[in-house]
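Below are the chains, spelled out letter by letter.
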Amino acid sequence: MDDLPSLLVKEGDELTPKLWDGLARAVRSARILFGDGIRGRRLPDGTLLSCSYWSPWPHPFKVAIAGADATVSKGTMGGTEVTLGGVPISGTSSKPQPILDLSSPKYNEDGMGWIAIEVMIDSSTYKQTSAELVQVSSLSGVGQYAARHPIGLLVRQDSGGFSFFQIAYFNLQHVAYRGTGVTRHFFWPA
Amino acid sequence: MNLFRPPADLWNDWVRKVMKARALPGFGVQTFVTPEGTIVRANPGATFLHPWKITTSWDTTTAAWQMVVRPGFVDGLPPKINGTFITDADMPVLTAYWRNPLEGSIGVSDDGAFYTATSEGYPKFFETLGVRTAAQDSRSATYDPSASWRTRELRACDIILSTPRVGTIVDLTISSSDSGSTITGGTATWGDTSNIGKEFKLYSSEKWTQQAEPTALEWMLGTYVEPTVDEIKLATVYAVSPPDPEDGAEPDSTWVLYTKYFAFWNFVYSTQRPRNRVNYNNITLKTGIPLADEIGNGMLSVDNDTAQEIQNFYNATSFKGKFYNA
């Protein structure tokens, strides 16, 4: 592609074929073509562009809150759908999507609480045995055979309600390593 | 060849008209320039409110650019700005501190002459906006006639995520004498460990530089300074001036701000685990013949000393932490 400013000349410069062709190429290259999300109309005085955005991204673990009820869109931990009360969080053909009750959220001393996934592991094999959605005031303190990964944060408001912040955007993987007296839990996007 | 010589003004006017007709990407729009035309498409990414997304605004009270960071999380915790959580209803802001990425620093060459070193530079995107050419090394500078139309100024500011970590400072005093070198004193200091893994903060910096970890040689010598924080650069905010700004102009409400992100997702933070110590036992020769043992062990001592140094290096433990996406 020609660098347009390089086509500028000084008084007395010759109009070489290279310059002319460069400008012709630049004119052609400057034509406006309509890509995704763009609508356009060519008018005598120019091109009118209209833009429309795609719908919001429906990612895994997306939390929807209505009043004191929260639902969480389908998401997996280690390839298995996370559950709430034993029911997959997106529901099944026989059971509706489970609702997480946020009428009395648990908060820590900073006024923060989390919607989290609590992963339980087998004490001998260290393999995941369950992944359950919980609302908690702390992400730690669940012993060495369990671990919590945050999905979203609730921040208590002075008005008595709360603000919500989404934290997880992807399906997750988890692995637990046996240490000396401690277990190391790692979570990463699947 | 008989070539046409049009008035330079007329030709340059044509060129400028074509330049003016080009589609440039504004907010929420992407452009792809091809020989057959410029494809204009909506950029939904511009409206995606990812963690750490920065909103800039001109504060008329303080006459400064301020930045609000959309909450991002480390281990599920929101960081603080000046002691306030970024999830707080009051929404703490960062104030921009600017550096000039166009100016090169002044250096002195081997022959004692002053020169201007190559500047930091900037992303190529800003060339199309008309930002002036960054300073090049004056010893190899070449005139760039295509840049004469670019007169806008550029400033930059970095946004950093930081957390304290265990960092040791070991400083040994070694004295030499005829009988050899001996350690006659030394200090070991630990950084503030009270908030490790519990507190993360955001700050803006004119120019952020990653703190260097001790080198292998420093570890082996036992005299080193470890950083006491783990940090990661989240974004660089650039301010572009109007064309032909006055000399010495600094970002005000007439400048336009753009953000280049280095992080789009939340983080998990983890420090290294201390390694289990390895005990090294010297290799010794036991033949039952005292003289042979003495000679043999003397020869082995060189290898034993080397092995001991390797063991010291291996046992040296760093608590450097890492941020990774989750």
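The text that follows walks through the structure, step by step, so that each part is easy to find.

So, how was this worked out
Residues numbered from 1 in each chain as written. Chains lettered and ligands numbered in written order. Predicted model: local features only at pLDDT ≥ 70, side-chain atom pairs only at ≥ 80, totals over all residues. Helix = DSSP H or I, 4+ residues; strand = E, 2+ residues; numbered from the N terminus. Buried ≥ 20, exposed ≤ 12 C-beta atoms within 10 Å, placed from the backbone. Contact = placed C-beta atoms within 7 Å. Rg over C-alpha atoms; globule rule 2.2 N^0.38 Å. Nonpolar A, V, L, I, M, F, W, Y, C, P; charged D, E, K, R; others polar. Pairing = 2+ DSSP bridges. Core = buried A, V, L, I, M, F, W, Y, C linked by C-beta atoms within 7 Å. Axes fitted to C-alpha atoms, helices over the stretch in contact; angles between N-to-C directions.

A word on the overall build of chain B. The helix and strand inventory of chain B stands at 4 helices and 18 strands. Counting all 326 residues of chain B, 21% fall into the buried class. Restricting to contacts in chain B with at least 6 residues of sequence separation, those with at least 24 account for 60%.

Glancing now at the overall build of chain A. For chain A, the helix and strand inventory stands at 1 helix and 16 strands. A compact globule built from 190 residues should have a C-alpha radius of gyration of about 16 Å, whereas chain A, at 28 Å, is more than 25% larger. If you line up chain A on its principal axes, its C-alpha atoms span 85 × 45 × 40 Å. Taken over 190 residues, chain A has a buried fraction of 23%. Considering only residue pairs separated by 6 or more positions, chain A has 47% of its internal contacts joining residues 24 or more positions apart.

Opposite the 42 residues of chain B that make contact, chain A presents 49 residues. Of all the elements in the fold, those that place two or more residues in the side of chain B that touches chain A are helix H1 (8-21), strand S1 (29-34) and strand S2 (37-42) of chain B. No other element matches H1(B), which puts 8 residues into the side of chain B that touches chain A. By residue class, the composition of the side of chain B that touches chain A is 27 nonpolar, 11 polar and 4 charged. Where strand S1 (residues 32-34) of chain A lies against S2(B), 3 bridges are found, and the strand directions are parallel. Within S2(B), the position partnered with Phe34(A) by the bridge is Val40(B).

Turning next to the nonpolar core. In terms of nonpolar packing, the biggest core is built from 65 residues, with Val72(A), Ile115(A), Ile117(A), Leu133(A), Ile151(A), Leu153(A) and Val237(B) touching the most fellow members. For this core, the leading source of residues is strand S11 (residues 112-121) of chain A, giving 7 residues. Leu4(A), Leu7(A), Leu19(A) and Val15(B) belong to the second largest nonpolar core, which has 6 residues in total.

Here we come to the sheet that holds S2(B). Taken together, the 3 strands give an open sheet; going across it, the order is S1(A)-S2(B)-S1(B), and neighbouring strands pair in mixed fashion. If you trace the sheet from one side to the other, it starts and ends with S1 of chain A together with S1 of chain B, each paired once. Ignoring strand direction, the axes of neighbouring strands in this sheet form an average angle of 30°.

Here the focus is the environment of Trp14(B). As for its placement among the helices and strands, Trp14(B) is situated in helix H1. Sequence separation of Trp14(B) and Gly104(B) is 90 residues, and the distance between their C-alpha atoms is 35 Å.

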